[in-house]
Amino acid sequence: MWEAIRRWFDPRELRSVGSTPDYRFSLANERTFLAWLRTGLALIAGGLAAAQFLPPLPLAHLREAIAVALLLLGATVAVRAVDHWARTERAIRLSEELPASRFPAILAMAVALGALLLVVAVLARAIR
């Protein structure tokens, strides 16, 4: 694990493997990385907004649980983004198959589940 983290911060390590790819592939990989970072930032902003602006919900500490879940999910997306970027860049340089990931599906399911829980919370408040 520490080896992978070290690679994130050492561009010489990344450039020491394989051959220099067509720059368009590296730029596309970087744009994907930045899109993941924007997603992580949006989740973090949503967590902060939930903590600050959601009214108290019918279940004790539900607002805080929602905020913490969004913040943790945003942090996870950010870390996952840099790991995926590094693994993809390495695969491009080595002319290997790009790394597969279940993370987008897991993230989509987590966001959908969170949205459903929020619908339940809003409906419960409206019924009260």
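Residues numbered from 1 in each chain as written. Predicted model: local features only at pLDDT ≥ 70, side-chain atom pairs only at ≥ 80, totals over all residues. Heavy atoms only, no water.

1. Here we look at the packing of helix α4 (residues 62-93) against helix α5 (residues 103-127)
And then number 1: It is at 12 Å that the axes of α4 and α5 come closest, and there the two elements cross at 165°. Here α4 lies roughly antiparallel to α5, going by the angle between them. Considering the relative orientation of α4 and α5, their crossing is left-handed. Residues Leu62, Ile66, Leu73, Thr76, Val77 and Arg80 of α4 touch α5, and the partners they reach there are Phe103, Leu107, Ala110, Val111, Leu118 and Ala121.
And then number 2: A class-by-class count of the residues in the contact of α4 with α5 yields 10 nonpolar, one polar and one charged. (Axes fitted to C-alpha atoms, helices over the stretch in contact; angles between N-to-C directions. Helix = DSSP H or I, 4+ residues; strand = E, 2+ residues; numbered from the N terminus. Parallel < 35°, antiparallel > 145°, perpendicular 65-115°, else oblique. Left-handed = near helix turned anticlockwise from the far one by under 90°. Contact = heavy atoms within 4.5 Å. Nonpolar A, V, L, I, M, F, W, Y, C, P; charged D, E, K, R; others polar.)

2. With respect to the pattern of salt bridges
Opposite charge on two side chains permits pairing when their charged atoms draw close.
And then number 1: Scanning the model with the defined rule gives four salt bridges in all.
And then number 2: The partner of Asp22 in a salt bridge is Arg24, with the nearest N and O atoms 2.5 Å apart.
And then number 3: We classify Asp22 as partly exposed; its relative accessible area is 27%.
And then number 4: Arg24 gets classed as exposed once you look at its relative accessible area, which sits at 52%.
And then number 5: Look at the salt bridges and you will find they share partners, linking Arg80, Asp83 and Arg87 into a network. (Salt bridge = Lys/Arg side-chain N within 4 Å of Asp/Glu carboxyl O. Buried < 20%, exposed > 50% of the residue type's maximum accessible area, 1.4 Å probe, protein only.)

3. Remarks on the packing of aromatic side chains
And then number 1: Under the defined criterion, the tally for this structure stands at two aromatic pairs.
And then number 2: Residues Phe33 and Trp85 carry aromatic rings whose centres are separated by 6.3 Å and whose planes lie at 50° to one another, so their mutual orientation is tilted. One end of the pair, Phe33, is in helix α3 (residues 23-53); the other, Trp85, is in helix α4, with 52 residues separating them in the sequence.
And then number 3: Residue classification places Phe33 among the buried positions, given a relative accessible area of 18%.
And then number 4: Judged by centre distance (5.7 Å) and plane angle (50°), the ring pair of Trp36 and Phe103 falls under tilted. Residue Trp36 is found in helix α3, and its partner Phe103 is found in helix α5; the two are separated by 67 residues along the sequence. Across the pair, exposure class does not vary: Trp36 and Phe103 are buried alike. (Phe/Tyr/Trp six-rings, centres within 6.5 Å; stacked < 30°, edge-to-face > 60°.)

4. What to know about unusual backbone geometry
And then number 1: Not every positive phi belongs to a glycine, and Ser95 is a case in point at roughly 55°.
And then number 2: Examined against the element boundaries, Ser95 turns out to sit in the loop between α4 and α5.

5. As for the environment of Ile92
And then number 1: Mapped onto the secondary structure, Ile92 falls in helix α4.
And then number 2: Between the C-alpha atoms of Ile92 and Ala35, which are 57 residues apart in sequence, the distance is 19 Å.

6. Observations concerning the packing of α3 against α4
And then number 1: Axis separation between α3 and α4 bottoms out at 7 Å; the angle between their running directions is 170°. Considered as vectors, α3 and α4 are oriented roughly antiparallel to each other.
And then number 2: When the residues that make up the contact of α3 with α4 are grouped by side-chain class, the tally is 21 nonpolar, eight polar and three charged.

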